[in-house]
Protein chains: 2
Amino acid sequence: MGEPVGADPDPAPSLSKAARTRSAIIEAALRLFREKGYDDTTMRAVAAEAGVSVGNAYYYFASKEQLIQGFYDRAGAEHRAAADPVLATERDLAARIMGVSHAWIDTMAPYRSFAGRFFANAAEPTSPLSPFSTESSPARTSSIALWRDVLDGSDTKVPRYLADELPELLWLAFMGTVLFWVHDASDDAARTKLLVTRTAPVIVRAIGLSRLPVLRATVADLVGLIGELKTL
Amino acid sequence: MGEPVGADPDPAPSLSKAARTRSAIIEAALRLFREKGYDDTTMRAVAAEAGVSVGNAYYYFASKEQLIQGFYDRAGAEHRAAADPVLATERDLAARIMGVSHAWIDTMAPYRSFAGRFFANAAEPTSPLSPFSTESSPARTSSIALWRDVLDGSDTKVPRYLADELPELLWLAFMGTVLFWVHDASDDAARTKLLVTRTAPVIVRAIGLSRLPVLRATVADLVGLIGELKTL
DNA sequence: GGCTCCTGTTGAACGCGTTCAACTTTTCGT
DNA sequence: ACGAAAAGTTGAACGCGTTCAACAGGAGCC
C-alpha cells in the first residue's frame, strides 16, 4: 500500500489509502442517512457520494447494514466524550446514572429519526449488529466498562455479592432505556428523559435495600440465575 | 361480493371468495416460511403456491411483512388454547405464570427458526407489527387480558394499589421473556425455560413484598411513573 | 339489456441490495 | 528490475419486494 515503510500504524493525517476509502464511504453514508433516512439512502448514492463504485463499497462493507457499525463506533465515542465530564465531577450515584443516560440521549438526538431503523436491525438475533452478538463484543465490553465507572466513581457502597454483576445489570437496564427511546416519539425524547430521571433514584435505593435480609436471598437468587443463564 | 344476502357474516364452510383467497395466501406463506424460512420465501413463490398472481397477493396484503400478522393471529389463538387448561386447573400464581409462559414457548417451538426474523421486524417502532403500535392494539389488549386471567384465577392476593397495573406489568415482563427467547439459541429453548421457572416465584414474592412499608412507596412511585409515561 | 361503479386480478416494469467475472494497481520475493 | 500473487476496483447483471396501468366481472340502477 501507499504507506511509508515502518510508519506508525494509523497516523491521522496519512491513513492508508484503503482506510481513507473506508472512512470516505462511512462519511458519505452517515451524511446521506441524516439527510434522507436509512431506507431512502441507496448504496448507489452512498458509492457516488464517496466517489467509488458500488462494487467497491461492497469490497469494504459486506452489506448496507454493516455501514451502521460505523455509526455505532462513532456514537459510542461521542457518548464517552459527553459522559466523561459527568463522571469526573459528580459523585452521587443517581446523578451519575442520570448524567450518563442523558448524555447518551443528547448525543443520539441528531440521529433519532433513523436510529430506530438501525436498532430494529440490531434486534434480529442473527444480526452481527445485535448488542448481544459476538461481533459486537468489543463495543459491549467497553459499554459495560462505562457503567462500571459510573459505579466505581460514586460514593454509594455496593454489597459485595452484587459488585461483580452490577455493571452488567446497569448496562442491561440501559439497553431497556434504549429500547424505550426507540419507541419514544415525544418531543425531545421527553418521555425517555422522564423515565431515566425517575428510575435512577429507584435503582440506587434498590441497591441499598438489597442488603436487607428479606430481599437479600431473592436478589442473590436472581444474580445466580444470570450466572447460570450465561453459562448454559 | 359473492356472499348470500343477509347471511351471517363469516360462516366457516362458505367464506366469501375474497376471504378464501386471503386465507389461501396466508396458508401458502406459512407453509413456505416453515419450509424455507422468511428470507428465502419469495412473494412470487407465495403467490404461485396460493394460485394467484403476485399483484393479487399485494391486493390483499400491503407487504410481505404484513403476512406475518396472519402468523401472529394464529399463534395467539394457539397460545390461548394451550394456556386454558393451565388456567382452569392451577391456582398457585407462580405455577400459572410458568404454565402460561411455557405454553407459549411450546406453541412457538415449530416457528422458532424464523420467528426471530419476525420479531426483529416488529421491533422497528414505525412497524405496524410492533407490539406497541396502534395497529396491534387488539392483539395487545387480548394478551394483557390473558395475564389478567392469570392473576384473577390465582389464590394470591394483590395489593389494591397494584391491581390495575399488574396485568400490564406481567405482559411487559413476558415481552421481556419473548425478547430473551428470540436470542436464545439453546436446545429446546432451555435457557428461556430456566429463566421463566426461576423468575416466576420471584415475581410472586415481589408482589407479596410490595406490601412492606419500606418498599411500598418505591413501588407506588414506579406504578405512578408508568401512568405518567402513558399519558405524556 | 345497457350503463356505471366497485371489487378483483394480472404480469410487465421499476428500483433496490447484492454478486461476480474481469480488470488494474500495489506489494514483495528474487 | 521483473513477474507473480495479492489487493483494490469496476459496472453490468441477478433476484428480490413492490407498483401500476390495464383489464375482467359482477352488483345495482334505469
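Every value quoted in this text rests on a predicted model; they were computed, and no experiment measured them. (Residues numbered from 1 in each chain as written. Chains lettered and ligands numbered in written order. Predicted model: local features only at pLDDT ≥ 70, side-chain atom pairs only at ≥ 80, totals over all residues. Heavy atoms only, no water.)

Draft legend 1. The arrangement of the relation of the copies chain A and chain B in detail. Mapping chain A onto chain B calls for a screw motion: a turn of 180° about the axis and a shift of 0.0 Å along it, with 0.1 Å RMSD after fitting. Seen this way, the second copy is the image of the first under a two-fold rotation axis. Relative to the rotation axis, the closest C-alpha in chain A is found at Ala120(A), a distance of 2.9 Å. (Least-squares fit on C-alpha atoms with pLDDT ≥ 70 in both.)

Draft legend 2. Quick look at the protein's contact with DNA strand D. Contacts to DNA strand D come from 18 residues, most closely from Lys17(A), Tyr60(A), Met43(B), Tyr58(B) and Lys64(B). Near-protein atoms of DNA strand D (within 4 Å) split between backbone and bases, with sugar and phosphate holding 60%. Contact between DNA strand D and Tyr58(B): a phosphate oxygen at 2.6 Å from a side-chain N or O atom of the residue. Within the backbone of Lys64(B), a nitrogen or oxygen atom sits 2.7 Å from a phosphate oxygen of DNA strand D. Mapped onto the surface near DNA strand D, the elements with two or more residues apiece are α1 (17-36) and α3 (54-60) of chain A together with α2 (43-50) and α3 (54-60) of chain B. Broken down by element, the residue count for the surface near DNA strand D peaks at four residues, all from α3(A). (Near = heavy atom within 4 Å. Polar contact = N/O pair within 3.5 Å; in protein donor to acceptor, adjacent residues only side chain to side chain. Helix = DSSP H or I, 4+ residues; strand = E, 2+ residues; numbered from the N terminus.)

Draft legend 3. Structural view of the interface of chain A and chain B. Every contact between the two is made by 30 residues of chain A and, on the other side, 30 residues of chain B. Between chain A and chain B, a total of about 2,900 Å² is buried, with carbon and sulfur atoms accounting for 71% of that surface. Joining chain A to chain B, the criterion identifies four salt bridges. The salt bridge partner of Arg198(A) is Glu228(B), with a shortest N-O separation of 2.6 Å. Inspection of the region where chain A meets chain B yields six residue pairs in polar contact (both at pLDDT 80 or more). At the level of elements, α6 (112-123), α9 (166-183), α10 (190-209) and α11 (213-231) of chain A are the ones that each hand at least two residues to the side of chain A that touches chain B. (Contact = heavy atoms within 4.5 Å. Buried area = accessible area lost by both parts, 1.4 Å probe. Salt bridge = Lys/Arg side-chain N within 4 Å of Asp/Glu carboxyl O.)

Draft legend 4. Highlighting the environment of Val178(A). All names here are of chain A. You can see Val 178 is positioned in helix α9. The exposure class of Val 178 is buried, given its relative accessible area of 7%. Counting along the chain gives 159 residues from Val 178 to Ala 19, while the straight-line C-alpha distance between them is 31 Å. Setting aside its immediate chain neighbours within four residues, Val 178 contacts Trp 104 and Phe 119. (Buried < 20%, exposed > 50% of the residue type's maximum accessible area, 1.4 Å probe, protein only.)

Draft legend 5. Quick peek at the packing of helix α5 (residues 93-108) of chain A against α10(A). Residues and elements named next belong to chain A. Relative to each other, α5 and α10 sit at 150°, their axes nearing to 9 Å. The angle between α5 and α10 places the two elements in the roughly antiparallel class. In terms of crossing hand, the pair formed by α5 and α10 is right-handed. Along the contact surface, α5 presents Leu 93, Ala 94, Ile 97, Met 98, Ser 101, His 102, Ile 105 and Asp 106, while α10 presents Thr 192, Lys 193, Val 196, Thr 197, Ala 200, Pro 201, Ile 203, Val 204 and Ile 207. Considering only residue class, the contact of α5 with α10 consists of 11 nonpolar, four polar and two charged. (Axes fitted to C-alpha atoms, helices over the stretch in contact; angles between N-to-C directions. Parallel < 35°, antiparallel > 145°, perpendicular 65-115°, else oblique. Left-handed = near helix turned anticlockwise from the far one by under 90°. Nonpolar A, V, L, I, M, F, W, Y, C, P; charged D, E, K, R; others polar.)

Draft legend 6. Structural detail: the pattern of salt bridges. Residues and elements named next belong to chain A. Tallied over the entire structure, the rule returns 24 salt bridges over all chains. Between Lys 230 and Glu 168 there is a salt bridge, with its nearest N and O atoms 2.9 Å apart. Of this pair, Lys 230 sits in helix α11 while Glu 168 sits in helix α9, and the two are 62 residues apart along the sequence. Given the relative accessible area of 46%, Lys 230 is considered partly exposed. Of the residues examined, Glu 168 reaches a relative accessible area of 27% and is grouped as partly exposed.

Draft legend 7. Broad picture of the confidence of the model for chain A. All names here are of chain A. Here chain A averages 89 in pLDDT, while 94% of its residues score no lower than 70. For chain A, the element scoring lowest by mean pLDDT is α6, at 80; helix α2 (residues 43-50) scores highest, at 98. The low-confidence segment residues 1-13 (pLDDT under 50) makes nine contacts with residues lying over four places distant or belonging to another chain. (pLDDT = per-residue confidence, 0-100.)

Draft legend 8. Inspection of the side chain of Ser101(A) at higher detail. All names here are of chain A. Within the fold, Ser 101 resides in helix α5. The class of Ser 101 is buried, set by a relative accessible area of 4%. One polar contact links the side chain of Ser 101 to the main-chain carbonyl oxygen of Ile 97, over a distance of 2.8 Å. Not counting residues up to four positions away in its chain, the partners in contact with Ser 101 are Trp 147, Phe 174 and Val 196.

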